[in-house]
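# What the coordinates show
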Amino acid sequence: MPDGPFASVAMFESVFEFFFKYRPIVFGEGTLAFRPTVATFVAAVAVVAIGVATFRTYRRVRANTRPIDRAVLTGLRLTILAVLLLCLFRPVLVLSQVVAQQNFLGVLIDDSRSMEIADRDGASRADFVAQQFGGEESPLLTALADRFALRLFSFSSSTNRITSVDDLTFDGTRTHLGQALTRAHEELAGVPLSGMVVVTDGADNAGVELSDALVPLEAAGVPVFTVGLGRENYSRDIQLSRVDTPRSILKGAALVVDVLLTQNGYAGETVSVQVEDEGRIVADQEVTLPADGEPATVRVRFTASDAGARLFSFRVAPRPDEMVTQNNERNALVVVEDTREKILYFEGEPRWELKFIRRAVEDDENLQVATLQRTAENKFMRMGVEDAQDLIGGFPRTREELFKYRAIILGSIEANYFTPDQLRMIADFVSERGGSLLMLGGQRAYAEGGYAGTPVADVLPVMLNDTAGDGEDGFFVETSVRPTRAGATHPTTQIADTEEASGARWLELPPITMVNRISEIKPGATKLLESGDGSLVVLAFQRYGAGKTLAFPVQDSWMWQMHADIAVDDQTHETLWRRLMRWMVDGVPDQVVADLPTDQVELDEPLALRAEVDDANYEEINNSQVSAWITDPDEELIEVPMDWTADRDGEYASSFVPRKEGLYEVRMEATSDGELLGSDTAYVRVAPSDSEYYDSTMQAPLLERVAEETGGRFYTADTVDSLVDDIQTVGGGVTVVEERDLWDMPVFLLLFLTLVLGEWGYRRSRGLA
Amino acid sequence: MRPRVFVRAGVIATALIGAGWAAPWPTAPAVHTPLVSRAAAPAAGQPGRPLFRREDLRPTLKRPSANAREFFFTRAIYNGGGRRWASWATDFPKADRQFLTILDRLVDMDAYEMENAIQLDDPAIRRFPFLYALEVGNMYMTQAEVTGLREYLLAGGFLMIDDFWGTYEWENFEAEIKRVLPEYQIVDLPLNHPLFNTVYNIKEIVQVPSINNAQGGPTWERDGYDAQVKGIFDATGRLMVVINWNTDIGDAWEWAESPYYPLRYSTYAIEMTVNIIVYAMSH
């Protein structure tokens, strides 16, 4: 069954051809000319004479006519004569037609897996190819071969010459349309080329801009005729369009992953999205499917409990009558790190908050909270430090010392404690080092602590109330807390297993107190928690430079642990603080960051390697020695040296071609002056891609664009019959000028008859006949 | 004695004398009247009857200045028995106030200046994660108090025990605390425990005598000859209860301003308590 828009185009074309003898494309390509002969001029003189006679006769007739009748009848008669005269002058269309058998035509046939999808009444896209190009009797191939010297190509990940369509295997795992056009054009350079025919579903997934391939074709005047196969919409299909997972997470971290689902034909049905961690189901989230074609975001939660490179599969069980079942599953490679991330918590006075926060994250093996607590002026108590010298002088005074941490928590400590340089360092910790900063509430925090106007205030996600500069105005409020819309789904504020349970739990929690009047977040910041009446900010965050900042102006979140309404073994307080701290250290870069553009490549497909290298002050360095140590699936170690790209400071790149299927470990290591700066490990999986099955419907807009930009035309299986004639008209190569008569167009006869009958009818109606 | 101790003792003494002279808390004189005193206690009623209504005991927290404060020196009101059934109120509130005055000078902490006494079965006890209880040799808790204290400690609260002497009182306290935390053992706290180093480095455990025994002669009472510091830890190793046995730290605060009370004892008492509080607030 043809799809709507293409059917109406086809109908319009056949109606046009009925009236005007040729199809619109012929008029578009040709130029109008007249080819009169001597006899034409004799006839013309006769026609003019008749015209003059007619005019004069009508002027003289009086009878019982009104002037208007005479004018209409004169006009009609003269128009009839004019049409006759036009035909006598023999109008023609001058066309340059491609000379038969003198020109070459490139025929590019999609050889990728998506061609096997059977979405046309049970017939696959490949069936169409077999039927139209398959053998001696196949109509399209025969018609093309009659007029052109054909060169056949197959294309998927690569482009190859083939002798017949029997060479097609339809197992390509990518569709690189642009690359195919460029390759075919190169191969056919130097021969008279009429154009190229591309037979594909258009599901290009190369991920590169097509313009690079189209501009040379346009410049060379090679029109591309695209034949789109398959349907523009599946009637019954569920697809996992996208899964957003972080590249790496801490072991035991609670993941909240958005899965984007699209569907057709199953609106309103309930399906479940399952997550598998190498064979073990770790999440199962039910979702009610939205209206056809509308995307639905499903939020699934699970915990990454095993360390290492883990392959998570997200899937929706295929429905019995689904057209494409291969797009119901997506895989994501996530590195689950089992490291201990350092956080510095600085508190300006003995506070209960410190005790309870420490206690909440004490059991978390992946968090190391070094605590510095001031007990009296210049007297500090250190807890969780690495050795006897660590933090002995109080808050770090050098960037190198501070930037060892991934996150900083500032408690009730006045801005005056810090030197201007330390305040700047804290701001740089966020913006340049990419760390996280959290400020708690307290009498010496925010504006009450004198932070207004400092570099730290600049990076905070909230506006400081600078009228409260000295902390003497005695602001104090006891309030309940509720999550905002963003907070209801944010990973840090998930204090129960499901979104609903978490939202309900927040409303049950006892009130906390605040002494900092913070009611406004900065533009670009996100409010996650707010006071019960919505007037105060309880938790907000923003990205700032390379890092992020959080504001939690609460001074006694420990009430969520200690309050009499909270059961003794309740884990809410612990969960909140663990999630908050884990989220803070998540994604904070090291001195060396290994960056792979993708987590999956195919065999023999080059893998780009990229590293970003900083020194201990987190300033980019360009003269370090960087190597990628690649461990292949057979445990063989390969060293790939990496060079500074010269495009960006601190960026090093190289590439690598995997020759085995399986998991590759890529450890990038940087040294400077013989000293190790750091290393970072990334993983990549080498496996055949199944990207062919996603968004595998026919991509008409893309194919139309290719045709339009190169001067060709776009066809579907239903309109492909006119392809051969069109190439002859539009195509380049060796051409010959051809004239086509227009005087015998049915539309002239129709016009003539209409006018004559119109004149007669008018006379009848006026009683003049 | 080393000069450092003299300096500290000097600071403490000055603070106390200053506090005494200045007649603190002039804003609401009615409230400074000791809410409970030893003299008043026997007249208050029969054993088993509530000694004071809760509203009488906690008016200080209704003041705006109590809002948003970080630390309250909180005294546990427990059910007593026998001859000294109101033993929880020993030294109250003079000791509490004098100690808080000194604490304010020594530690940069937002501590509320006034006493705060609370019953063990009051749910509001959870607002105060530090609790002080003394004279526990005469403690006979009700079941509600046992439950209240147990949940308080397990949720994260901290209890400091003081001023009980000899075998008989120990046995009574041990029996009572076993009702609260039957699954946890009482252990000795060695001097290398971080508790003895949080703010001040304490090198020896001193027997702090009551005012009556401080002028020479034996410092012990009954058969409690050796001062000891013991503790109870929870399953994760967190110290929940610190027990000062055969010593009277509270009397040292109460009489710290007295020229007749030896500095050595009040210095130790205050250093030890500051350490315990700062430890409780960070561990």
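All of these numbers come straight from a predicted model, not from anything done at the bench.

From N to C terminus, chain A includes 19 helices and 36 strands. Its C-alpha atoms give chain A a radius of gyration of 38 Å, clearly above 27 Å, the size a compact globule of 769 residues would have. Overall, chain A is about 120 × 75 × 50 Å in size when its C-alpha atoms are taken along their principal axes. Out of the 769 residues in chain A, the part that is buried amounts to 51%. Carbon and sulfur atoms make up 51% of the accessible area of chain A, which amounts to about 33100 Å² in all. Here chain A carries 70 positive and 121 negative side-chain charges, and the mean point of each set is 9 Å from the other.

Quick look at the overall build of chain B now. The helix and strand tally for chain B stands at eight helices and seven strands. Going through the 283 residues of chain B one by one, you find that 60% of them count as buried. Long-range pairs, those at least 24 residues apart, make up 76% of the contacts in chain B between residues at least 6 apart in sequence. Roughly 11400 Å² of accessible area belongs to chain B as shown, and the carbon and sulfur atoms make up 57% of that amount.

Bringing the interface of chain B and chain A into the picture now. Listed per partner, the contact involves 30 residues of chain B and 34 residues of chain A. Buried surface at the junction of chain B and chain A, both sides included, amounts to about 2800 Å², of which 55% is carbon and sulfur. With a shortest N-O distance of 2.7 Å, A:Arg444 and B:Asp108 are connected by a salt bridge. Where chain B packs against chain A, one counts 15 residue pairs in polar contact (both at pLDDT 80 or more). Elements with a contribution of two residues or more to the side of chain B that touches chain A: α5 (143-155) and α8 (263-280) of chain B.

Further remarks concern the packing of aromatic side chains. Note on aromatic pairs: each is described by the distance of the centres and the angle between the planes. For the structure shown, the criterion picks out 44 aromatic pairs over all chains. Residues A:Phe552 and A:Trp560 carry aromatic rings whose centres are separated by 6.4 Å and whose planes lie at 50 degrees to one another, so their mutual orientation is tilted. A:Trp560 carries the same exposure label as A:Phe552, and that label is buried. Taking the centre distance of 5.5 Å and the plane angle of 55 degrees together, the rings of B:Phe73 and B:Phe99 count as tilted. Highlighted residues: B:Phe73 in the loop between α3 (54-57) and β1 (74-77) and B:Phe99 in helix α4 (residues 94-106), separated in sequence by 26 residues.

Taken together, A:Leu749, A:Leu753, A:Leu757 and A:Trp760 make up a surface patch of nonpolar side chains, about 460 Å² in accessible area. Within the secondary structure layout, A:Trp760 lies in helix α19 (residues 746-766).

Turning our eyes to something else, we now look at the side chain of A:Thr454. Residue position: A:Thr454 is located in the loop between β20 (436-440) and α12 (455-459). If sequence neighbours within four positions are ignored, A:Thr454 has contacts with A:Ala415 and A:Leu423.

A word on the domain arrangement of chain A. The domain boundaries assigned to chain A delineate domain 1 (4-21 + 36-89 + 744-766), domain 2 (107-231 + 698-703), domain 3 (237-337), domain 4 (341-585) and domain 5 (592-686). On a C-alpha basis, the centroid separation for the pair domain 2 of chain A and domain 5 of chain A is 37 Å.

All names here are of chain A. Across the sheet, nine strands lie side by side as β18-β17-β16-β19-β20-β26-β25-β24-β22; this open sheet has mixed pairing. Because the sheet does not close on itself, it has two edges, and the strands there are β18 (379-383) and β22 (481-483). Put simply, the sheet's adjacent strands are angled 15 degrees from each other on average, direction ignored. Looking at chain direction, strand β19 (residues 407-410) and β20 are connected through four bridges and run parallel. Of the residues in β20, the one forming a bridge with leucine 410 is methionine 439.

Residue and element names in this part refer to chain A. Pairing is mixed in the open sheet, where five strands are placed in the order β9-β15-β14-β11-β12. With one partner strand each, in any of the chains shown, β9 (248-250) and β12 (280-288) form the two edges of the open sheet. With strand direction ignored, the average angle separating the axes of adjacent strands in the sheet is 30 degrees.

Residues B:Phe92 and B:Pro93 are joined by a peptide bond in cis, for which omega reads -5 degrees. Structurally, the position occupied by B:Pro93 is in the loop between β1 and α4. Even without being a glycine, A:Lys21 presents a positive backbone phi close to 75 degrees. Considering the arrangement of structural elements, one finds A:Lys21 in the loop between α1 (4-20) and α2 (24-29). Positive phi, normally seen in glycine, also occurs at A:Ala646, with a value near 70 degrees. Relative to the helices and strands, A:Ala646 is located in the loop between β31 (637-644) and β32 (651-656).

Now for the nonpolar core. Judged by nonpolar contacts, the single largest core of 131 residues is most densely connected at A:Trp577, B:Phe71, B:Phe130, B:Ile243, B:Trp253 and B:Val274. No other element matches the 11 residues that α8(B) contributes to this core. Listed in part, the 43 residues of the second largest apolar core include A:Ile109, A:Leu144, A:Val165 and A:Val730.

Together, A:Glu432, A:Glu619, A:Glu620 and A:Asp649 line one region of the surface with negative charge. Inspection of the secondary structure assignment puts A:Glu620 in the loop between β29 (607-613) and β30 (625-631).

Here the focus is the pattern of salt bridges. Oppositely charged side chains are able to pair whenever their charged atoms sit close together. One pass over the structure, following the stated rule, counts 70 salt bridges over all chains. Residue B:Asp188 is joined to B:Lys230 by a salt bridge in which the shortest nitrogen-to-oxygen separation is 2.8 Å. Here B:Lys230 lies in strand β6 (residues 228-233) and B:Asp188 lies in strand β5 (residues 186-188), a separation of 42 residues in the sequence. Members of the salt-bridge network, linked through shared partners, are A:Asp277, A:Glu278, A:Arg280, A:Asp306 and A:Arg310.

Residues and elements named next belong to chain A. Along strand β7 (residues 224-228), five of the five residues are buried, which leaves the element largely enclosed by surrounding structure. Side chains Val224, Thr226 and Gly228 of β7 all project onto a buried face; the interleaved residues Phe225 and Val227 project onto the opposite face, where all are buried too. When strand β6 (residues 193-200) meets β7, the two strands line up parallel, connected through five bridges. In the sheet register, methionine 196 faces β7, and the bridge partner there is valine 224. Where β7 and strand β35 (residues 714-716) come together, three bridges link them in parallel fashion. When the sheet's bridge partners are listed, valine 227 is paired in β35 with tyrosine 715.

What counts, and at which threshold
- Residues numbered from 1 in each chain as written.
- Chains lettered and ligands numbered in written order.
- Predicted model: local features only at pLDDT ≥ 70, side-chain atom pairs only at ≥ 80, totals over all residues.
- Heavy atoms only, no water.
- Helix = DSSP H or I, 4+ residues; strand = E, 2+ residues; numbered from the N terminus.
- Rg over C-alpha atoms; globule rule 2.2 N^0.38 Å.
- Buried < 20%, exposed > 50% of the residue type's maximum accessible area, 1.4 Å probe, protein only.
- Areas by Shrake-Rupley, 256 points an atom, 1.4 Å probe, with all protein chains shown as cover.
- Lys, Arg positive; Asp, Glu negative; His and termini not counted.
- Charge placed at Lys NZ, Arg CZ, Asp CG, Glu CD.
- Contact = heavy atoms within 4.5 Å.
- Buried area = accessible area lost by both parts, 1.4 Å probe.
- Salt bridge = Lys/Arg side-chain N within 4 Å of Asp/Glu carboxyl O.
- Polar contact = N/O pair within 3.5 Å; in protein donor to acceptor, adjacent residues only side chain to side chain.
- Phe/Tyr/Trp six-rings, centres within 6.5 Å; stacked < 30°, edge-to-face > 60°.
- Patch = residues over 30% accessible without salt bridge, like charges linked within 9 Å, V, L, I, M, F, W, Y side chains within 5 Å.
- Domains from an automatic or database assignment.
- Pairing = 2+ DSSP bridges.
- Axes fitted to C-alpha atoms, helices over the stretch in contact; angles between N-to-C directions.
- Core = buried A, V, L, I, M, F, W, Y, C linked by side-chain atoms within 4.5 Å.

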